[in-house]
Number of protein chains: 2
Amino acid sequence: MQTSWEEPPERGRPRRSGADEAILKASRELMFEHGYAGFSMDEVASRAGVGRQSVYRRWPSKAALVVASMTWTFDSPDVFKDTGSFEGDLRAGLAIMRDLYGQSSTDIFGDVYFAMASDSAARELFNRNYVAPRRESLARAIERAIARGELREETDAVIVSDMVSGPFLYRILIGDYELNDSLVNAIVEGVIKVFGTGQTTDVVTPPSGT
Amino acid sequence: MQTSWEEPPERGRPRRSGADEAILKASRELMFEHGYAGFSMDEVASRAGVGRQSVYRRWPSKAALVVASMTWTFDSPDVFKDTGSFEGDLRAGLAIMRDLYGQSSTDIFGDVYFAMASDSAARELFNRNYVAPRRESLARAIERAIARGELREETDAVIVSDMVSGPFLYRILIGDYELNDSLVNAIVEGVIKVFGTGQTTDVVTPPSGT
DNA sequence: TGAATAACGATACGAGAATACCGTATTGTT
DNA sequence: AACAATACGGTATTCTCGTATCGTTATTCA
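Residues numbered from 1 in each chain as written. Chains lettered and ligands numbered in written order. Predicted model: local features only at pLDDT ≥ 70, side-chain atom pairs only at ≥ 80, totals over all residues. Heavy atoms only, no water.

## A word on the overall build of chain A
- Along its length, chain A carries nine helices and zero strands.
- Sequence-ordered secondary structure for chain A, helices as α and strands as β, is α-α-α-α-α-α-α-α-α.
- In terms of its C-alpha atoms, chain A occupies a principal-axis envelope of roughly 60 × 40 × 25 Å.
- Expressed as a percentage of the 210 residues in chain A, the buried residues total 52%.
- Taking as baseline every contact in chain A between residues at least 6 positions apart, the subset at least 24 positions apart corresponds to 71%.
- Total accessible area on chain A is roughly 9800 Å²; 48% of this is exposed by carbon and sulfur atoms.
- Taken together, the 24 basic and 31 acidic charged side chains of chain A have centroids lying 7 Å from each other. (Helix = DSSP H or I, 4+ residues; strand = E, 2+ residues; numbered from the N terminus. Buried < 20%, exposed > 50% of the residue type's maximum accessible area, 1.4 Å probe, protein only. Contact = heavy atoms within 4.5 Å. Areas by Shrake-Rupley, 256 points an atom, 1.4 Å probe, with all protein chains shown as cover. Lys, Arg positive; Asp, Glu negative; His and termini not counted. Charge placed at Lys NZ, Arg CZ, Asp CG, Glu CD.)

Following this line, the structure appears as structure tokens:
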């Protein structure tokens, strides 16, 4: 995954190797310790052992750095893996999302979305590093489902993406942060009933949340 | 609607009448003119003709003020009016939301969500002034639908709310801001197929977007 | 070998948010 | 009439983001 905002130039003194990772690591730690508003770029720089200008050389804003550090080294973005049926793929992906967002420090994710919304560079990083790979993973699952005859050929992957991810985002940002299985079931049922052909395949149920 | 963050005390010199509205109006105007990052609390205060401290006496942060001013004097929060059928109620409410968010200056709403997410006071104001009334409006529509026999009795109003509002929020914050009728249709179809009884009532179609 | 380029840490700076005061003004209570 | 409480406009202060600039250092190219 691309970490810094822009590729460094090829001429001149090269950037110190390992500095990118040190900065990302420091930003991530400080996010979990103090949240977005609770730390400064000075602290990031000093914890990473670099000058502050070296941070701004790699990311154009605090928001962009935070988004980069929080979308860095997430598990495989291919969350909607092939389980043999579309419902299984969908449930597997949603189980991953539910476990991720359902863990203790939920305010963190609100902070990340806040950072994302506040800055165009952060928004672009968020799309590139997080949203796009997951969208593509879902699009592949939809293609498999169409090939299997589970979904109709004209299924709109963008709308499915909205229907799948939207309610999660809504709960995290606005709702009471409780991500339960009822919501997952409703989403799965809704998508399949709207875009399905009626033909189903046996489902391998994913394990319930940790 | 309650405007300022906390009720003023009952003792001592009373707050200048009209100042609340002047501040909200100034904040709103500046939001439409320059966006969230494009104006300062000094400008709000001077345009409203008050001291800056008088602004902070009423709202604890810029984010809270912006949320209060942008959720102030919206049209009736009862967006899911009784049209005779649940599908009609839902389509009417979604048409209002689509027209609202679909209008030209969409970045404004991104800014509002950003402000909302960045501050706990702003979040609380947003819930109190905006989300809660619309949630209740939808809950009433669901109750009517259950009474008519269109929805099952165990329909979970919170989940329906997530399924209805989530995709819209997702498109505004993360998607390409294009709120089209395909999305509305998929949402309506999804909710009714998941929670419906199969019994339907004739739909009065709302006018399509401006 | 020398010039060009760009990173490095460090520091100064301007802008704006939020807080803390100042003296003054306005209300209700004693 | 005196007093407590609070609002008022105004100003100073602190904090942090983001930009600019310093002299130094490392690397590539001619």
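## Considering the domain arrangement of chain A
Residue and element names in this part refer to chain A.
- By the assigned domains, chain A splits into domain 1 (19–58) and domain 2 (86–195).
- On a C-alpha basis, the centroid separation for the pair domain 1 and domain 2 is 29 Å.
- The interface of domain 1 with domain 2 comprises four residues on the first partner and six residues on the second.
- It is Met31, Phe32 and Tyr36 in domain 1 that bury the most area against domain 2; as a group they hold 95% of the surface buried on that side.
- Our count for the contact surface shared by domain 1 and domain 2 stands at zero salt bridges.
- At the surface where domain 1 touches domain 2, the tally comes to one residue pair in polar contact (both at pLDDT 80 or more).
- The residue inventory of the side of domain 1 that touches domain 2, partitioned by class, reads three nonpolar, one polar and no charged. (Domains from an automatic or database assignment. Buried area = accessible area lost by both parts, 1.4 Å probe. Salt bridge = Lys/Arg side-chain N within 4 Å of Asp/Glu carboxyl O. Polar contact = N/O pair within 3.5 Å; in protein donor to acceptor, adjacent residues only side chain to side chain. Nonpolar A, V, L, I, M, F, W, Y, C, P; charged D, E, K, R; others polar.)

## Describing helix H8 (residues 157–173) of chain A
Residue and element names in this part refer to chain A.
- With 17 residues, H8 should reach 24 Å at 1.5 Å per residue; the first-to-last C-alpha distance of 24 Å fits that figure.
- Within H8, the axis deviates most sharply at Ser165, by approximately 30°, and proline Pro167 lies no more than four positions further along.
- Most of H8 sits out of view: 15 of its 17 residues are buried.
- In this structure Asp156 caps H8, since a side-chain oxygen of it lies 2.9 Å from the backbone nitrogen of Val158. (Expected span 1.5 Å × (residues − 1). Bend = angle between axes of the 7 residues up to and from the residue.)

## Quick word on the packing of helix H9 (residues 181–195) of chain A against helix H9 (residues 181–195) of chain B
- Look at H9(A) against H9(B): their axes get within 8 Å of each other, and the N-to-C directions meet at 110°. Here H9(B) runs roughly perpendicular to H9(A), going by the angle between their axes. The two elements H9(A) and H9(B) cross, and the hand of that crossing is right-handed. Across the interface between the two elements, Ala186(A), Glu189(A), Gly190(A), Lys193(A), Val194(A) and Phe195(A) of H9(A) pack against Ala186(B), Glu189(B), Gly190(B), Lys193(B), Val194(B) and Phe195(B) of H9(B).
- Classifying every residue of the contact of H9(A) with H9(B) by side-chain character gives six nonpolar, two polar and four charged. (Axes fitted to C-alpha atoms, helices over the stretch in contact; angles between N-to-C directions. Parallel < 35°, antiparallel > 145°, perpendicular 65-115°, else oblique. Left-handed = near helix turned anticlockwise from the far one by under 90°.)

## Digging into the side chain of Arg58(B)
All names here are of chain B.
- Checked against the element boundaries, Arg58 lands in helix H3 (residues 52–58).
- Accessibility expressed as a relative area gives 4% for Arg58, which makes it buried.
- A polar atom in the side chain of Arg58 sits 3.0 Å from the backbone oxygen of Ser54.
- Discounting chain neighbours no more than four positions away, the residues touching Arg58 are Ser4, Trp5, Glu6, Arg15, Arg16, Ala19, Asp20 and Ile23.

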